[in-house]
Amino acid sequence: MLNSLMSDPGLVLLILFIFMLVCRVPIAISLGLSAAIVSWLFDMGIDMLPYNFFAGVAKVPLLAIPFFILAGFIMESAGIAARIVRLVENLVGDMTGGLAIATVAVATFWGAVSGSGPATVAALGLILIPAMVKNGYDKAFAAANVSVTSGLAIVIPPSIAFIVYGGIADASVPALFAAGIVPGLLVAGFLMLTVYLISKKRGYRGLPRQESTWLVFKDAIWGGIYGGIFTPTEAAAVAIFYGLFVGTFIYKAFNSWDKLLHVLFESVKATAVIMFVVTCAGLFAWVASTVGLVERGAAVLLALSDNPWALLFLINVILLAAGMIMDAISIYYVLLPFLLPIVHHFGWDPVWFGVMMTVNLAVGQVTPPVAVNLYVGAQIADLTMEEMTPPVIPLLIATLVALAVIVLFPSLSTFLPTLWGL
C-alpha cells in the first residue's frame, strides 16, 4: 500500500511540500525543493529545472514589479508619506475618530505607492501610531488600525498581486487594476465606519488644525499620485523618475549618495525576495501540472458540489485558511492552477475572481499565524501579538463583510473595466 502511494508523483509532491512547511522551512524553498526532488525521483527531466526557473521570471508583466518596488521606496524616502499624512490629518481636524479615519484614508492611497502591505505598515506606522497615542488613542488599537488597513496595498492599484495574478491567469493587468479600485474603496469604507464607531464609543478625537489647509495641500500635492501629474498605473518607470525629481529638487530629501544607495539596496532586497518566491512557486506549479496534480485537485473540488455558490463559499474558506500560513504570491502559484478550471467551468469572470482572491489574501496578511502586517505593526508599537489581536478582530470582521459584498455583487469589480473598455 505504501509503495503504491509513494509511486504517485502528485502525492509525493504534496507530502514533501506539507512536510517542509510543518518543519518551518521557508515557503520558497519548500516549493522549489519539493518540485526538484519529485522531478529527480520520477525522472521528469532534471535538466529542465534551470529553464523553468528562468521562465518563471522572464515574463513581461513581472517587469513592473521591481519598478513599483523602487518607486515605493523612493517616494517613502522622499518624505511623501509624511506630507500626505499631514494633509489628511488637516482635512479631518478634531472630528470624532479623526486620526483613525485619516489612518485608513492614508494607508488606502499609500498602497498605490508601495504596493506592499508590510512596506505600508513600516512607512506609515512610524508616523501615525505615535501621533494617535499622543492624542489619547489606545496603542494596540492604533497599531491594529495601521496594520489591517495596510493590507489594502495589494488591492488598490497598482498592485504587485494583480500583476502576478494576471500573469498566471492570462488576465489583463490594466483591467485588474481598474477592477481593484471600487472594491478597495469599499473595504476602506467599511473600515472607516468601524473605526469611527469604536472611536465614538471610546471618545477618541483627531488633532485641531494647526496649519492652513491650503499650505499643507500645496506641500503634499507633489506626492499625490492621484493628482493627475503622473501615475504608477500609467508607467512604473515614470513614477521612479518622478519620485527622484520630487525627492531631489522639491523636498531636498536625497541630499547624499548614501541615501540614494540605501534606497536602491532596499529595493533590490525586496525585489529579490519576491522574484525568488515567484521562480520557486512557478517551478512547483510546473511539476504539479506535469504530474496531473492540478487536474485531480480541480476534479476533487468540482466533485464536492455542483452548486456554484456552495463551491464559491468553499473556495473563499480555502483562500482565507491559506492566507494564514502562506504569502500572497505563493498562494497564487500553488492554488490558482487548481482554481482556474473551476472558474472556466462555471463561467466566472476571471477579473472579478482575481479581485475576490486578492481581497482574501489581503485578509490573510493580518490573520495569524503568519500575519506579516501585524508583526511589523507590533514591532513598531513595541507590542506582543497577544496585545494586538483584540483590536484587530472588529476590523477583520469589517473586512470580511466587505469581502462578502464583493463576492455577492461581481459588478462592483467589473464596472470600471467595462466602462473603460479594458
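See the structure printed just above.
Residues numbered from 1 in each chain as written. Predicted model: local features only at pLDDT ≥ 70, side-chain atom pairs only at ≥ 80, totals over all residues. Heavy atoms only, no water.

Undergrad: Would you mind going over the overall build of the protein chain with me for this structure?
TA: From N to C terminus, the protein chain includes 21 helices and 0 strands. Expressed as a percentage of the 422 residues in the protein chain, the buried residues total 53%. In the protein chain, 78% of the contacts between residues at least 6 apart in sequence involve partners at least 24 apart. If you sum the accessible surface of the protein chain, you get close to 18400 Å²; carbon and sulfur atoms cover 71% of it. (Helix = DSSP H or I, 4+ residues; strand = E, 2+ residues; numbered from the N terminus. Buried < 20%, exposed > 50% of the residue type's maximum accessible area, 1.4 Å probe, protein only. Contact = heavy atoms within 4.5 Å. Areas by Shrake-Rupley, 256 points an atom, 1.4 Å probe, with all protein chains shown as cover.)

Undergrad: Could you clarify how one ought to interpret the packing of helix α17 (residues 328-346) against helix α18 (residues 350-364) in this entry?
TA: Relative to each other, α17 and α18 sit at 145°, their axes nearing to 12 Å. As α17 runs across α18, the sense of the crossing is right-handed. Only Pro350, Phe353, Met357, Thr358 and Leu361 of α18 make contact with α17, whose side of the interface consists of Ala328, Ile331, Tyr332, Leu336, Leu339 and Val343. For the contact of α17 with α18, the per-class residue count stands at 10 nonpolar, 1 polar and no charged. (Axes fitted to C-alpha atoms, helices over the stretch in contact; angles between N-to-C directions. Left-handed = near helix turned anticlockwise from the far one by under 90°. Nonpolar A, V, L, I, M, F, W, Y, C, P; charged D, E, K, R; others polar.)

Undergrad: I'm lost on the nonpolar core in this one. Help?
TA: A general tendency of soluble globular proteins is for nonpolar side chains to be buried together. Tyr165, Leu339, Phe353, Met356 and Met357 are the most contacted members of the largest nonpolar core, which has 108 residues in total. The element contributing the most residues to this core is α17, with 12 residues. If you look at the next biggest cluster of nonpolar residues, it comprises 5 residues, including Leu70, Ile74, Phe254 and Val263. (Core = buried A, V, L, I, M, F, W, Y, C linked by side-chain atoms within 4.5 Å.)

Undergrad: What exactly am I supposed to notice about the side chain of Ser199 here?
TA: Looking at where Ser199 falls in the secondary structure, it is placed in helix α11 (residues 173-202). Ser199 sits in the buried class, given a relative accessible area of 0%. A polar contact of 2.7 Å, which involves the side chain of Ser199, links it to the backbone oxygen of Val195. When residues no more than four places from it in sequence are discounted, the contact partners of Ser199 are Thr96, Gly97, Ala100, Tyr137, Phe141 and Tyr204. (Polar contact = N/O pair within 3.5 Å; in protein donor to acceptor, adjacent residues only side chain to side chain.)

Undergrad: Quick question: what am I supposed to make of the packing of aromatic side chains here?
TA: Aromatic rings considered in pairs are described by the distance between their centres and by the relative angle of their planes. Overall, the coordinates contain 5 aromatic pairs when judged by the stated rule. A centroid spacing of 6.2 Å and a plane angle of 80° characterise the contact between Trp348 and Trp352, whose relative ring orientation is edge-to-face. Exposure class is identical for Trp348 and Trp352. Each is buried. Aromatic rings pair up to connect Phe346, Trp348, Trp352 and Phe353 into one cluster. For Arg202, the ring lying beneath its charged end belongs to Phe141, and the centroid distance is 5.7 Å. (Phe/Tyr/Trp six-rings, centres within 6.5 Å; stacked < 30°, edge-to-face > 60°. Lys NZ or Arg CZ within 6 Å of the ring centre and 35° of its normal.)

Undergrad: What exactly am I supposed to notice about the side chain of Thr194 here?
TA: Residue placement: Thr194 occurs in helix α11. Filtering out sequence-adjacent residues up to four positions away, Thr194 remains in contact with Pro394, Leu395 and Ala398.

Undergrad: How do you make sense of unusual backbone geometry when you look at a structure like this?
TA: In most cases, non-glycine residues show a negative phi, while peptide bonds are predominantly trans. The backbone phi angle of Asp170 is positive, close to 55°, even though this residue is not glycine. On the secondary structure map, Asp170 appears in the loop between α10 (160-169) and α11.

Undergrad: Quick question: what am I supposed to make of a nonpolar patch on the surface here?
TA: A cluster of nonpolar residues, Phe415, Leu419, Trp420 and Leu422, forms a patch on the protein surface that exposes about 460 Å² of accessible area. Here Leu419 shows up in helix α21 (residues 411-419). (Patch = residues over 30% accessible without salt bridge, like charges linked within 9 Å, V, L, I, M, F, W, Y side chains within 5 Å. Salt bridge = Lys/Arg side-chain N within 4 Å of Asp/Glu carboxyl O.)

Undergrad: Sorry, what's going on with α17 here?
TA: An α-helical turn contains 3.6 residues, so a residue and the one three or four places further along point in the same direction. Of all the bends in α17, the largest measures some 55° and sits at Leu336, one to four residues before the proline Pro337. The buried fraction of α17 amounts to 15 of the 19 residues, a majority that puts the element mostly inside the structure. Immediately beyond the C-terminal end of α17, within one or two residues, lies Gly347, with a positive phi of roughly 70°. (Bend = angle between axes of the 7 residues up to and from the residue.)

Undergrad: Is there a simple way to explain the packing of helix α2 (residues 9-22) against helix α3 (residues 27-41) in this structure?
TA: With their axes 9 Å apart at the nearest point, α2 and α3 run at an angle of 150° to one another. If you check the angle between α2 and α3, you find them roughly antiparallel. For the pair α2 and α3, the sense of crossing is right-handed. Residues Pro9, Val12, Leu13, Leu16, Phe17, Met20 and Leu21 of α2 form the contact with α3, whose own contacting residues are Ile27, Ile29, Ser30, Leu31, Leu33, Ser34, Ala35, Ile37 and Val38. Taken together, the residues of the contact of α2 with α3 sort by class into 14 nonpolar, 2 polar and no charged. (Parallel < 35°, antiparallel > 145°, perpendicular 65-115°, else oblique.)

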